[in-house]
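Tertiary structure, described
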Amino acid sequence: MLTQGDYWPILKDIRYWLGRARTYAANAKEKEMITKYIESFSSGSVDAHKEGTRLWIHNKQPSVETYIGFVETYRDPAGVRAEFEGFVFITDRELSEVFGNLVKNAKTFLSRLPWPSEFERETFIEPDFTAQDVLCYASSCIFDGINMPNYDDIRQKDGFKNMAMGRVYAALYADAPTPFLSPIDSKLHAEFFTRAHDVQVGIHELLGHGSGKLLVRKDDGSTNFPSELRNPLTNSFIESVYETEETYDSLFTGFGSSMEECRAECVGLYLSLDDDVLK
């Protein structure tokens, strides 16, 4: 039981209120998920939090979406230490149905990216992709779209969730000045920016963060990609791979989050010009 450190009294309160919340869980999976969070915040166990996270991923399409823990590493220059975050969202069923069509066609759209299919997972794990209204968001940064969890081993094996909070963007930027646009372009921007942003965020979160796989060499020397696979930029054979237990963040450290966001943004911009995606 954690009894020391600057934040143990706060974690004690969190455990208490999570225990109260557990009474109102919608199903057994949610109840076990909260139990694992309580265990993690009691003992400091990362494994317990990861188990809770797996349960969260497999709890598909809940009416109330919530996640809590030491999540985001953006503010740590080494990209390792995560700051605490918690949120409660209410699912927008109507808008989620629209995004559901993007999920259903994800494999088709991924095949249109400008690299060989061997760079993608052998089996695409269809993510849970929903539109959310924010009830409570406790974080140093309020995102308008998130792709979670950040545990890469869980993402590879169990999948991930995508959530778009379109009204966050609209609330923040609806009245923002546009000094570099002409009056005509400014009018077009005001009319279409929210819809266009929803499309781009959806692709960024689902097909940006959701695309690709780590090219890994296992302990026995085998790899999860064919030996004849070539680098699409140089046309040379693959020379650099991840070893067992290595992850994206452990190698890129301080550049990891920035590089990953850049990659997802490029995919979002690339596919946002695809007519079928826009449909």
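Below or above, wherever it landed, is the structure these notes cover.

Parameters and conventions
- Along each chain, the written sequence defines residue order, and numbers are assigned to residues from 1.
- Reporting in this predicted model follows two pLDDT cut-offs: at least 70 for local features of residues, and 80 or more for side-chain atom pairs to be given and counted; totals over whole chains, interfaces and linings ignore these cut-offs and use all residues.
- The basis for every side-chain value is the complete set of non-hydrogen atoms in the structure, without hydrogens or water.
- Whether a residue is buried, partly exposed or exposed follows from its accessible area with a 1.4 Å probe, protein chains only, as a fraction of its type maximum: under 20%, in between, or over 50%, in that order.
- Secondary structure is summarised from DSSP: a helix means a run of H or I of at least four residues, a strand means a run of E of at least two, and numbering begins at the N terminus for each.
- Following DSSP output, two strands are said to pair if at least two bridges run between them.
- Multiply 1.5 Å by the residue count of a helix minus one, and that product is the helix's expected span.
- Think of it as the arc spanned by the lines of direction from the helix axis to the C-beta atoms.
- Residues are treated as being in contact if the distance between any of their heavy atoms lies within 4.5 Å.
- The salt bridge criterion pairs a side-chain nitrogen of Lys or Arg with a carboxyl oxygen of Asp or Glu, the two atoms within 4 Å.
- Residues qualify for a patch when their relative accessible area is over 30% and they have no salt bridge, like charges being joined within 9 Å and the nonpolar side chains of Val, Leu, Ile, Met, Phe, Trp and Tyr within 5 Å.
- All accessible areas in this document rest on Shrake-Rupley with a 1.4 Å probe, and a residue is counted as covered only by the protein chains that are shown.
- Two aromatic rings, drawn from Phe, Tyr or Trp (for Trp, its six-membered ring), form a pair once their centres lie within 6.5 Å of each other, and the interplanar angle then sorts them: stacked below 30 degrees, edge-to-face above 60, tilted otherwise.
- Lysine NZ or arginine CZ positioned within 6 Å of the ring centre and within 35 degrees of the ring normal marks a charge as sitting over the ring.
- Definition of a polar contact: a pair of N or O atoms within 3.5 Å, with one able to donate and the other able to accept a hydrogen when the atoms are protein atoms, and with sequence-neighbouring residues admitted only if both atoms are side-chain atoms.

1. Points about the pairing of strand 5 (residues 161-164)
Going residue by residue along strand 5, you find Lys161 and Met163 tucked away on one face and Asn162 and Ala164 tucked away on the opposite face as well. Judged from the 4 bridges that link them, strand 4 (residues 145-148) and strand 5 form a sheet pairing that is antiparallel. Residue pairing across strands places Ile146 opposite Met163, the latter belonging to strand 5.

2. Describing helix 1 (residues 8-22)
The terminal C-alpha atoms of helix 1 lie 21 Å apart, and with 15 residues this matches the ideal 21 Å at 1.5 Å per residue to within 8%. Among the residues making up helix 1, those that are buried are Leu11, Ile14, Arg15 and Leu18. Down the axis of helix 1, the smallest arc covering the buried residues is 100°, so these residues share one side. Packed against the buried residues of helix 1 are helix 2 (28-43), strand 1 (64-72) and strand 2 (83-92).

3. Observations regarding the pattern of salt bridges
Evaluation of the coordinates by the stated rule reveals 11 salt bridges. Of the charged contacts in the structure, one is a salt bridge between Glu39 and Lys36, with a shortest N-O distance of 3.6 Å. Separated by 3 residues within a single helix, Glu39 and Lys36 lie in helix 2, roughly one turn from each other. By relative accessible area, which is 37% here, Glu39 ends up partly exposed. Lys279 is the partner of Asp276 in a salt bridge, and the nearest nitrogen-oxygen pair spans 3.8 Å. With a relative accessible area of 36%, Asp276 lands in the partly exposed category. Given a relative accessible area of 81%, Lys279 falls into the exposed group. Each member of the salt-bridge network shares a partner with another, and the members are Arg112, Asp274, Asp276 and Lys279.

4. So, a nonpolar patch on the surface
On the surface, Leu251, Phe252, Phe255 and Met259 cluster together into a nonpolar patch covering about 400 Å² of accessible area. Looking at the element boundaries, Phe255 is found in the loop between helix 9 (248-252) and helix 10 (256-271). With relative accessibility at 60%, the residue Phe255 sits in the exposed group.

5. A look at unusual backbone geometry
Between Met148 and the following residue, Pro149, the backbone shows a cis peptide bond with an omega angle of 10°. By the element assignment, Pro149 lies in the loop between strand 4 and helix 6 (152-157). Here the phi dihedral of Gln61 falls at roughly 55°; this positive angle occurs in a residue that is not glycine. Within the element layout of this structure, Gln61 appears in the loop between helix 3 (46-58) and strand 1. Taking relative accessible area as the criterion, Gln61 reaches 36% and is therefore assigned partly exposed. For Asn235, which is not a glycine, the phi torsion comes out positive at approximately 65°. A relative accessible area of 53% means that Asn235 is categorised as exposed.

6. Details of the packing of aromatic side chains
Any pair of aromatic rings gets described here by the distance separating the centres and the angle formed by the planes. Across all of its chains, the model carries 9 aromatic pairs by this definition. When the ring of Tyr16 is compared with that of Trp17, the centres are 5.0 Å apart and the planes differ by 80°; the resulting orientation is edge-to-face. For Trp17, a relative accessible area of 52% corresponds to the exposed category. An angle of 75° between the planes, with centres 6.2 Å apart, marks the rings of Tyr37 and Tyr67 as edge-to-face. Within this pair, whereas Tyr37 is found in helix 2, its partner Tyr67 is found in strand 1, the two being separated by 30 residues in sequence. Summarising the burial analysis for this pair, Tyr37 and Tyr67 share the class buried. Grouped by ring-pair contacts, the aromatic residues Tyr37, Trp56, Tyr67, Phe87, Phe89 and Tyr137 constitute a single cluster. Above the ring of Phe160, the side-chain terminus of Arg155 is found at 4.8 Å from the ring centroid. Positioned above the aromatic ring of Phe237, the side-chain terminus of Arg230 is 4.0 Å from the ring centre.

7. Quick word on helix 4 (residues 93-104)
In this model, helix 4 (12 residues) spans 16 Å end to end at C-alpha, consistent with the 16 Å of a helix rising 1.5 Å per residue. Capping of helix 4 at its N-terminal end is provided by Asp92; its side-chain oxygen lies 3.2 Å from the backbone amide nitrogen of Glu94.

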